[in-house]
Amino acid sequence: MMMRPVNAAIVYYSATGTVHALAQAAAEGAEKAGAHVRLRRVAELAAPEAINANPAWAQHLRDTADIAAATLDDLAWADAVLFGAPTRFGNPASQLRAFIDTTGPLWAQGGLAGKVYSAFTASNTAHGGQEATLLALGNTFYHWGGIIVPPGYTDPVQFQSGNPYGTSHVAGDGPPGEVALQAARYQARRVVDTAATLMAGRAA
Ligand SMILES: Cc1cc2nc3c(=O)[nH]c(=O)nc-3n(C[C@H](O)[C@H](O)[C@H](O)COP(=O)(O)O)c2cc1C
């Protein structure tokens, strides 16, 4: 039987481009794994004064203005969703949380259950809370009845990138390099492959 491709949504927030780079790599990985991909940024909610006080933030917002904003339809459409957000005081950035907090109606209809979920992040320092951020997103996936698919150490790149909870990058070291980007591509591939296996099993 011919299965339709997996629908994969990459939903992210990024102020200065680090998580955006990981999101783009995840989109590449998902596409290469055969998925239909929607790369979506959540809406920026910070005050213009705060954004304009940081030239890198203002620049990145301008540079990504043509990326579609995430909507509930993207989650309803998706078989698999990868969420990305910078670490803010050990938690996902509030812009992503604010989007997640709009999902009540979809959740109430069971529209978020049974999908595959995974997460990625960045922080300025190595011990600045990457795992905490990824686990915090996991709390939400539990509430949704999601199937959480972490990368673990299931590919050689994971022994280089070193985070089994999800792709992460230390932004203080500069933009994500090839190892982090490859880890994001791999994580997306694993998510898409798992969603495809689930779809085939459900169809059988
Ligand atoms: C309000 C705020 C809180 C932050 N909290 C943390 C933190 O707890 N740990 C850390 O290592 N970095 C922290 N950072 C740094 C961000 O995680 C970092 O700038 C971000 O990962 C870069 O991603 P982006 O380029 O996609 O915005 C914080 C930054 C801001 C603005």
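Quick note: structure is the one above.
Residues numbered from 1 in each chain as written. Predicted model: local features only at pLDDT ≥ 70, side-chain atom pairs only at ≥ 80, totals over all residues. Heavy atoms only, no water.

Asker: Any chance you could explain the site of the ligand here in plain terms?
Answerer: In the vicinity of the ligand lie 17 residues, with Ser-14, Thr-16, Thr-18, Thr-87 and Gly-128 positioned nearest. A distance of 3.4 Å is found between an oxygen atom of the ligand and a backbone nitrogen or oxygen belonging to Ser-123. Taken by itself the ligand offers 640 Å² of open surface, and the protein chains cover 77% of this. Broken down by secondary-structure element, the contributors of at least two residues to the shell around the ligand are helix H1 (18-32), strand S3 (80-88) and strand S5 (116-123). Ranked by residue count, the leading element in the shell around the ligand is S3, at three residues. In terms of residue class, the shell around the ligand is built from six nonpolar, ten polar and one charged. (Near = heavy atom within 4 Å. Polar contact = N/O pair within 3.5 Å; in protein donor to acceptor, adjacent residues only side chain to side chain. Areas by Shrake-Rupley, 256 points an atom, 1.4 Å probe, with all protein chains shown as cover. Helix = DSSP H or I, 4+ residues; strand = E, 2+ residues; numbered from the N terminus. Nonpolar A, V, L, I, M, F, W, Y, C, P; charged D, E, K, R; others polar.)

Asker: Just checking my understanding: could you explain the nonpolar core for this structure?
Answerer: Across soluble globular proteins, you tend to see nonpolar side chains buried next to one another. Judged by nonpolar contacts, the single largest core of 28 residues is most densely connected at Ile-10, Tyr-12, Leu-39 and Phe-120. Of all elements in the fold, only strand S1 (7-12), H1, S3, S5 and helix H9 (178-203) reach the threshold of two or more residues within this core. Sorting elements by how many residues they give to this core places H9 first, with eight residues. Those residues in contact with Phe-120, other than ones at most four positions away along the chain, are Ile-10, Tyr-12, Val-19, Leu-22, Ala-23, Leu-82, Phe-83, Gly-84, Ala-85, Leu-134, Thr-167 and Gln-187. In this structure, Ile-51, Leu-96, Leu-106 and Trp-144 belong to the second largest nonpolar core, which totals 26 residues. (Core = buried A, V, L, I, M, F, W, Y, C linked by side-chain atoms within 4.5 Å. Buried < 20%, exposed > 50% of the residue type's maximum accessible area, 1.4 Å probe, protein only. Contact = heavy atoms within 4.5 Å.)

Asker: Would you explain H9 in this entry?
Answerer: Helix length check: H9 (26 residues) gives 37 Å between terminal C-alpha atoms against 38 Å at 1.5 Å per residue, within 8%. Among all positions in H9, only Ala-180, Leu-181, Ala-183, Ala-184, Tyr-186, Gln-187, Ala-188, Val-191, Val-192, Ala-195 and Met-199 are buried. Residues of H9 that are buried make contact with S1, H1, S3, S5, helix H8 (156-161) and strand S7 (168-170). (Expected span 1.5 Å × (residues − 1).)

Asker: Looking at this model, I keep getting lost on the side chain of Arg-41. Mind explaining?
Answerer: Tracing the backbone shows Arg-41 in strand S2 (residues 36-41). In terms of polar contacts, Arg-41 uses its side chain to reach the backbone carbonyl oxygen of Thr-64, at 3.0 Å. Setting aside residues up to four positions removed in sequence, Arg-41 forms contacts with Tyr-12, Leu-61, Thr-64, Ala-65, Ile-67, Ala-68, Ala-69 and Ala-70.

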